[in-house]
Amino acid sequence: MPAKSRKPLISGNWKMHLNHFEAIQLVQKLSYELREADYGSVDVSVHPPFTDLRSVQTVLDADRIPVLLGAQHCHWEDKGAFTGEISPALLAKLNVRLVIVGHSERRQLFGETDEDVNRKVKAVLKHGMTPIMCVGETLDEREAGTTEERVSGQVRAGLVGIGAGEVGGLVIAYEPIWAIGTGRNATPEDAQAVCAAIRGVVREIAGADAAGSVRIQYGGSVKASNAGELLGQPDIDGALVGGASLEADQFAPIVRAAHG
Ligand code: 13P
């Protein structure tokens, strides 16, 4: 695969799986599977549940494992009376580097709006972390032929009021909702078309430099067997992986597929 100017980012979203003992085991297993060549060519992040973050951080630090620590979600306020929520300030203190914002499960099951997503993207940036802003269409929207309209709208709404320089450092994850956890991935051609459209929207709002540097991941039933073809597309700069990130021997080949 020809090297791209943007370093690929392969992220494991563990969702609500693995207690902190299991989480430690998984990062250790992953560190046995990954080689220096992998880290050199690919950024790798793991996004455990909140209760595992401190344990995973400790293992990554102690064993000098160059995997980036990520979170799955946060609030936009620094602190306050928001029972059950976690602020970006608390995450930053744990050396969290990337925060998933606006995952479709948060949008669909917990009512997160485009405005919430925008507030969170700004809050994550304010604390020096990188948002992975998720966008994606439902099956109905896809069948109605409104995928690009839907996804472009989410990108525009999520990036309101964010400077061009910051937009260029973001990660946007295109995750068609019908492909998440279903075993049914978007075809590489379809995923490429939507990711190219996302880059086009970024170019429109933030200019050519931002469009050239923003990293766009594909997510939705990514596995070792389809990663190579998806990641070989010119506008796909990485993957946001759910199910296949829960086993080191399934996740590591996806990382390797990102550098051929
Ligand atoms: P799956 O890889 O299990 O389809 O999940 C994708 C996802 O939602 C990652 O955020």
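Data block above holds the structure.
Let me begin by describing the structure that accompanies this report. (Residues numbered from 1 in each chain as written. Predicted model: local features only at pLDDT ≥ 70, side-chain atom pairs only at ≥ 80, totals over all residues. Heavy atoms only, no water.)

1. Comments concerning the site of the ligand
Note the threshold: Residues are classed as near a molecule or strand on a simple rule: at least one heavy atom within 4 Å of it. Under the rule applied, a polar contact is a pair of N or O atoms within 3.5 Å (in protein, one hydrogen donor and one hydrogen acceptor; residues adjacent in sequence only if both atoms are side-chain atoms). Shrake-Rupley sampling with a 1.4 Å probe provides the accessible areas, and residues are treated as covered by the protein chains on show and by no other component. Here the term charged refers only to Asp, Glu, Lys and Arg, the term nonpolar to Ala, Val, Leu, Ile, Met, Phe, Trp, Tyr, Cys and Pro, and the term polar to all other amino acids, Gly among them.
Near the ligand lie 13 residues; those nearest to it are Lys15, His103, Gly181, Ser221 and Gly243. One of the side-chain N or O atoms of histidine 103 is found 2.8 Å from an oxygen atom in the ligand. Between the ligand and glutamate 175, the relevant distance is 3.0 Å, taken from an oxygen atom to a side-chain nitrogen or oxygen of the residue. In the complex, the protein chains occlude 94% of the 310 Å² of accessible area that the ligand would expose alone. Of the residues in the shell around the ligand, the class split is four nonpolar, seven polar and two charged.

2. Re helix H12 (residues 224–231)
Rules: The rule is simple: take the accessible area with a 1.4 Å probe, protein chains only, and divide by the maximum for that residue type; under 20% is buried, over 50% is exposed, in between is partly exposed. In this description a helix means any DSSP run of H or I spanning at least four residues, a strand means any run of E spanning at least two, and both kinds are numbered starting from the N terminus. Here, the arc refers to the directions that run from the helix axis to the C-beta atoms. We call two residues in contact when some of their heavy atoms are within 4.5 Å.
Buried residues of H12: Asn226, Ala227, Leu230 and Leu231, and no others. Buried residues along H12 cover an arc of 125° about the axis, so they all sit on one side. Residues of H12 that are exposed and angled more than 90 degrees away from the buried face: Ser225 and Glu229. Tucked inside the fold, the buried residues of H12 contact strand S1 (9–13), helix H10 (188–206), strand S7 (215–219), strand S8 (238–241) and helix H13 (248–257).

3. Observations concerning the sheet that holds strand S4 (residues 98–101)
Rules: Only strands that DSSP links by at least two bridges are regarded as paired with each other. Fitted lines through C-alpha atoms give the axes, limited to the stretch in contact for helices. The angle between two N-to-C directions lies from 0 to 180 degrees.
Read around the closed barrel, eight strands run S1-S2-S3-S4-S5-S6-S7-S8, paired in parallel fashion. Going across the sheet, the axis of each strand differs from the next one's by a mean of 25°, ignoring polarity. The pairing of S7 with S8 spans two bridges and is classified as parallel. Residue pairing across strands places glycine 219 opposite leucine 240, the latter belonging to S8.

4. Structural notes on unusual backbone geometry
With glycine set apart, most residues show a phi of negative sign, and most peptide bonds adopt trans. The phi dihedral of lysine 15 falls on the positive side, at around 50°, and the residue is not glycine. With respect to the helices, strands and loops of the structure, lysine 15 is situated in the loop between S1 and helix H1 (20–33). A positive phi angle, close to 75°, is found at leucine 18, a residue other than glycine. Relative to the elements of secondary structure, leucine 18 occurs in the loop between S1 and H1.

5. Quick notes on the packing of aromatic side chains
Keep this limit in mind: Pairing of aromatic side chains requires ring centres within 6.5 Å, counting the rings of Phe and Tyr and the six-membered ring of Trp. Pairs whose planes differ by under 30 degrees are stacked, by over 60 edge-to-face, and all others tilted. Should the NZ of a Lys or the CZ of an Arg lie within 6 Å of a ring centre and within 35 degrees of the ring normal, that charge is described as sitting over the ring.
In total, this model carries one aromatic pair according to the counting rule given. A cation over a ring is seen here: arginine 106 above phenylalanine 110, with NZ or CZ 4.2 Å from the ring centre. If you follow arginine 119 out to its NZ or CZ, it ends over the ring of tryptophan 76, 4.8 Å from the centre.

6. Some words on the pattern of salt bridges
Short version of the rule: The working definition used for a salt bridge is a side-chain nitrogen of Lys or Arg within 4 Å of a carboxyl oxygen of Asp or Glu.
The tally for this structure, following the rule as stated, stands at 15 salt bridges. Between arginine 107 and aspartate 114 there is a salt bridge, with the nearest N and O atoms lying 2.8 Å from each other. The class of arginine 107 is buried, set by a relative accessible area of 13%. Here glutamate 137 and arginine 142 are joined by a salt bridge, their closest N and O atoms 2.9 Å apart. Owing to a relative accessible area of 0%, glutamate 137 belongs among the buried residues under this scheme. Connected through salt bridges with shared partners, the residues Arg6, Arg199, Asp235 and Asp237 form a single ionic network.

7. Concerning the environment of glycine 80
Secondary-structure assignment places glycine 80 in the loop between strand S3 (68–71) and helix H4 (88–93). Under the relative-accessibility criterion, glycine 80 is labelled exposed at 58%. A C-alpha to C-alpha distance of 26 Å links glycine 80 and histidine 20, two positions 60 residues apart in sequence.

8. Focus on the packing of helix H6 (residues 114–126) against helix H8 (residues 147–158)
As a reminder, the rule being used: In these notes the angle categories are as follows: under 35 degrees is roughly parallel, over 145 is roughly antiparallel, 65 to 115 is roughly perpendicular, and the rest is oblique. Crossing handedness follows the turn of the near helix against the far one: under a right angle anticlockwise gives a left-handed crossing, and clockwise gives a right-handed one.
Here H6 crosses H8 at 45°, and the two axes come no closer than 8 Å. Accordingly, the angle class assigned to the pair H6 and H8 is oblique. Seen along the crossing, H6 lies across H8 with a hand that is right-handed. Residues Asp114, Asn118 and Val121 of H6 touch H8, and the partners they reach there are Gln154, Ala157 and Gly158.

9. Remarks on the pairing of strand S2 (residues 43–47)
Burial runs high along S2: five of the five residues are buried. The alternating pattern of S2 places Asp43, Ser45 and His47 and Val44 and Val46 on opposite faces, both of which are buried. As judged from the two bridges shared by S2 and S3, these two strands associate in the parallel manner. Paired with serine 45 across the two strands is leucine 68, which belongs to S3.

10. Regarding the side chain of histidine 75
With respect to the helices and strands, histidine 75 occurs in the loop between S3 and H4. Judged by its relative accessible area of 9%, histidine 75 falls in the buried class. A polar atom in the side chain of histidine 75 sits 3.0 Å from the backbone nitrogen of glutamate 77. Those residues in contact with histidine 75 that lie beyond four places of it in its chain are Phe82, Glu85, Ile86, Pro88, Lys120 and Ala123.

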